[in-house]
Amino acid sequence: MEADDDRQMAGFKDFYQFSAPTRVIAGRDLLDSVGFEFAKEGASRVLLVTDGGIRATGLVERVLAGVTDSGLEVAAIFDAVPQDSDGAAVASIAELARETGADSFLALGGGSVIDSAKVANLLFTHGGEARDWEGYYGLPRADDGAGRALELAPLAAIPTTAGTGSEVSFAAVIKDRDAQLKYQIGDFPLIPRLAILDPASTATLPQAIAAATGMDALTHAIEGYVSRDWNAHTDAYALHALRLIRANLERAVHGGDETARGNMLIAASLAIVPTTSGALGIAHSLSHPCGAIYNVPHGVANAINLPVTIEYNAAGGEDIAARYRDVAELLGVEPRGEVGHALAERVRELVGSLGLPTRLSQVGVPEAGIPQLVEGAMGDACTLVNPRVPSAEDLAELYRQAL
Amino acid sequence: MAYFSDEQEVYRYLGQLFLDLLDDPELAPKFRTANTIVQYRYRNPDSQITVKLIEAEEGQVDLGPTRLEPEVVMTMDADTAHRFWLGKVNVTVALARGQMKAKGPVAKILRLVPLTKPVFPRYKAQLEAAGRSDLANA
């Protein structure tokens, strides 16, 4: 198999950048001291961003008490973030922050809530509409664009799922409902200043969501490690995330014990770090349009698409297969036969044991939809950093295999 | 020293490449699936190429001033653009290093990047045919 001439899967790279600036606090009973911690990041009057599901669990009241006990004020609560965040929601949050004199954002929820708070913070600080900011490294910078990126208001995140890692990531995914696509905004100022990882925040997480979001974390770790934009720093994060996921995911989903849930929160926040260096792959490219067009939850789509992309990528060259062998070893896969197939089978077993769907056809994706899905996947930035360069025909075949 | 001496050289080589691509019966329809108007703003030398890639419409390449309204704007040194078409620039790295800046729905353009690979030898051959092996081997 001929390797792509610009692919380098080992050795010393010509360039990479690494940044993980979020102050992470992990442990037990942290929700009572949210305000104490957030004040250190410059917050004084907080807009809490959450969704209706979280509101119903009682978690909001506990966090609010933790905010006000430390002397911070609560400007307002926005609890209407939709399942997939959109431009209208983030505009409403930014407007509410202005109307109520908020100076900081506290996101309490899953990926959509945290991403909403990130983009609302961007609109609150720099104005415009969400779509105006689509792309990477496009936020305003000092010195006519050549200097340091201008800071946004303080943002803290308390994830209530263990999967997206958005609490430490530099990107936000927003849905354009009219265009049936999801777009990304990525730049360093979007990274939350503070992430609070407390298993109390996932105590009421439904089993199916714990499973899907956990598979999202696994996908981040695997794709981050095998991406052509891998680097030595993020390898360390991805590999330890894999260790934690192997030891804790099934326990967290089935038993729900606090230790496993806490470790999965940590795993998710480690697994996402490679994406800040741009490292992902086509499991995400395949999954984004599934969510945008057919409302397939992101973690579920990743769980379904990950095995077929492992088999496809691992067959793309010995240098790629070597990286998958590292992953397989950490996940306890017996080193027999082709690593791609063996690892994919292990992932399929895991998906099955977690009770998740294993085929796209089970979650409402029709075969007739493949051409539109391929169009979305080809345009996804994750495709560019996949270790193997896929053609549109390759992506169509992967969708057919996953169907 | 910059590869291109003035904007006319940019148009003569990079501009011609875009014109040829949009005349290519195989590649042009694929590029037009981007459904956008992209403007490449080059520095050193200052120059501008605007390309209309709209499905079911004729392609259009404007070298210099244009009446087309771009949806996506890509800004970079002309040297970076030249090296890109020689297959020597990793787009994601160039974005990360600030060598390329993208504004607008960049996904529409990123989806074209894998399609550009067969164009690299064509650009090199075009430069060599024009007697510019200095540029072809940059």
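Definitions and limits used
Per-chain numbering applies: the sequence of each chain, read as written, is numbered from 1 onward. Throughout, the order in which chains and ligands are written sets their labels, letters from A for the former and numbers from 1 for the latter. The model is predicted, so local features are restricted to residues of pLDDT at least 70 and side-chain atom pairs to those at 80 or more, both for listing and for counting; the totals for chains, interfaces and linings are taken over all residues. Secondary structure follows DSSP: runs of H or I at least 4 residues long count as helices, runs of E at least 2 residues long count as strands, and numbering of each begins at the N terminus. For this measure, only C-alpha atoms enter the radius of gyration; the expected value for a globule follows 2.2 Å times N^0.38, where N is the number of residues. Exposed residues have 12 or fewer other C-beta atoms within 10 Å of their own C-beta, buried residues have 20 or more, and residues in between are partly exposed; the C-beta atoms are placed from the backbone. A residue pair is marked as a contact if its C-beta atoms, positioned from the backbone, fall within 7 Å. Note that domain bounds follow an automatic or database assignment of domains. The residue classification treats Ala, Val, Leu, Ile, Met, Phe, Trp, Tyr, Cys and Pro as nonpolar and Asp, Glu, Lys and Arg as charged. All others, Gly included, are polar. At least two bridges found by DSSP between two strands is the condition for calling them paired. Each axis is a line fitted through C-alpha atoms, taken for helices only over the stretch in contact, and angles between the N-to-C directions span 0 to 180 degrees. Any helix carries an expected span of 1.5 Å times its number of residues minus one. Here the bend at a residue is taken as the angle between two axes, fitted respectively to the seven residues that end there and the seven that start there. Rotating anticlockwise by less than a right angle from the far helix to the near helix defines a left-handed crossing, while the corresponding clockwise rotation defines a right-handed one. A score from 0 to 100, pLDDT tells how confident the predictor is in each residue.

## A few points about the overall build of chain A
- A tally of helices and strands in chain A yields 16 helices and 9 strands.
- Relative to its length of 403 residues, chain A is compact, with a C-alpha radius of gyration of 20 Å against a globular reference of 22 Å.
- Overall size of chain A, expressed as C-alpha extent along the three principal axes, is 60 × 50 × 45 Å.
- Here chain A, with 403 residues, has 56% of them falling under the buried criterion.
- If you take every contact in chain A between residues at least 6 apart in sequence, the share linking residues at least 24 apart comes to 80%.

## Regarding the environment of Arg 243 of chain A
- The topology assignment puts Arg 243 of chain A in helix H7 (residues 232-255).
- When the C-alpha atoms of Arg 243 of chain A and Val 327 of chain A are compared, they prove to be 9.5 Å apart, with 84 residues separating the residues in sequence.

## Things to note about the domain arrangement of chain A
Residue and element names in this part refer to chain A.
- The domains assigned to chain A are domain 1 (29-197) and domain 2 (207-402).
- On the domain 2 side, the residues contacting the 20 residues of domain 1 number 26 residues.
- For the side of domain 1 that touches domain 2, the per-class residue count stands at 8 nonpolar, 8 polar and 4 charged.

## Some remarks on the environment of Gly 316 of chain A
- Considering the arrangement of structural elements, one finds Gly 316 of chain A in the loop between helix H11 (298-314) and helix H12 (318-330).
- For the pair Gly 316 of chain A and Ile 282 of chain A, spaced 34 residues apart in sequence, the C-alpha to C-alpha distance is 13 Å.

## Notes on the sheet that holds strand E1 (residues 36-43) of chain B
All names here are of chain B.
- What the 5 strands build is an open sheet, ordered E3-E2-E1-E4-E5; its pairing is mixed. The open sheet has two free edges, formed respectively by strand E3 (60-63) and strand E5 (100-103), since each of these has just one partner strand. Looking at each pair of strands side by side, their axes are set apart by 15° on average, direction ignored.
- Helix H1 (residues 7-21) contacts E1, strand E2 (47-53) and E3 of the sheet and is inclined by roughly 15° relative to E2.
- Against the sheet, helix H3 (residues 78-85) makes contact with E1, E2, strand E4 (72-77) and E5, and its axis sits at roughly 100° relative to E4, the strand it touches most.

## Brief notes about H1 of chain B
Residue and element names in this part refer to chain B.
- For H1, with 15 residues, the first-to-last C-alpha span of 20 Å sits near the 21 Å given by 1.5 Å per residue.
- Most pronounced at Gly 15, the bend in H1 amounts to some 30°.
- Val 10, Tyr 13, Leu 14, Gly 15, Leu 17, Phe 18 and Leu 21 are the residues of H1 that are buried.

## A short note on the interface of chain B and chain A
- With 19 residues of chain B at the contact, the number on the chain A side is 19 residues.
- Of all the secondary structure elements, the ones that give two or more residues to the side of chain B that touches chain A are helix H4 (91-97), E5 and helix H5 (107-110) of chain B.
- Looking at the side of chain B that touches chain A element by element, the count peaks at 6 residues for H4 of chain B.
- Here the residues of the side of chain B that touches chain A are counted per class, giving 11 nonpolar, 4 polar and 4 charged.

## Looking at the pairing of E3 of chain B
Residue and element names in this part refer to chain B.
- As defined by bridge partners, E2 adjoins E3 across 4 bridges and the pair is classed as antiparallel. Looking at the pairing, Thr 50 lines up with Asp 62 of E3.
- Following E2, the chain reverses through 6 residues before pairing antiparallel with E3; Ala 56 in that reversal takes a positive phi of roughly 65°.

## Details of the packing of helix H6 (residues 207-226) of chain A against helix H8 (residues 258-271) of chain A
All names here are of chain A.
- Packing of H6 against H8 brings their axes to within 8 Å, and their N-to-C directions diverge by 35°. Remark: the crossing between H6 and H8 carries left-handed chirality. Mapping the contact onto sequence places Gly 214, Ala 217, His 220, Ala 221 and Gly 224 in H6 and Met 264, Ala 267, Ala 268 and Ala 271 in H8.
- The residue inventory of the contact of H6 with H8, partitioned by class, reads 6 nonpolar, 3 polar and no charged.

## Some points on the confidence of the model for chain B
- Predicted confidence across chain B gives a mean pLDDT of 91, with 100% of residues reaching 70 or more.
- Across the predicted assembly, pTM comes out at 0.90 and ipTM at 0.72.

## Describing the environment of Phe 38 of chain A
All names here are of chain A.
- Looking at the secondary structure, you find Phe 38 in helix H1 (residues 34-39).
- Looking at Phe 38, the number of C-beta atoms within 10 Å reads 25, which means it is buried.
- Along the primary structure Phe 38 and Ser 70 are separated by 32 residues, whereas in three dimensions their C-alpha atoms are 9.3 Å apart.

## Some remarks on unusual backbone geometry
- Here the bond from Asn 44 of chain B into Pro 45 of chain B is cis, since omega is 0°, no more than 30 degrees from zero.
- Turning to its location among the elements, Pro 45 of chain B is positioned in the loop between E1 and E2.

## Some remarks on H11 of chain A
Residues and elements named next belong to chain A.
- The terminal C-alpha atoms of H11 lie 23 Å apart, and with 17 residues this matches the ideal 24 Å at 1.5 Å per residue to within 8%.
- The axis of H11 is deflected most strongly, by about 35°, at Asn 305, and proline Pro 307 appears within four residues downstream.
- Counting buried positions along H11 yields 17 of 17 residues, so the element is predominantly enclosed.

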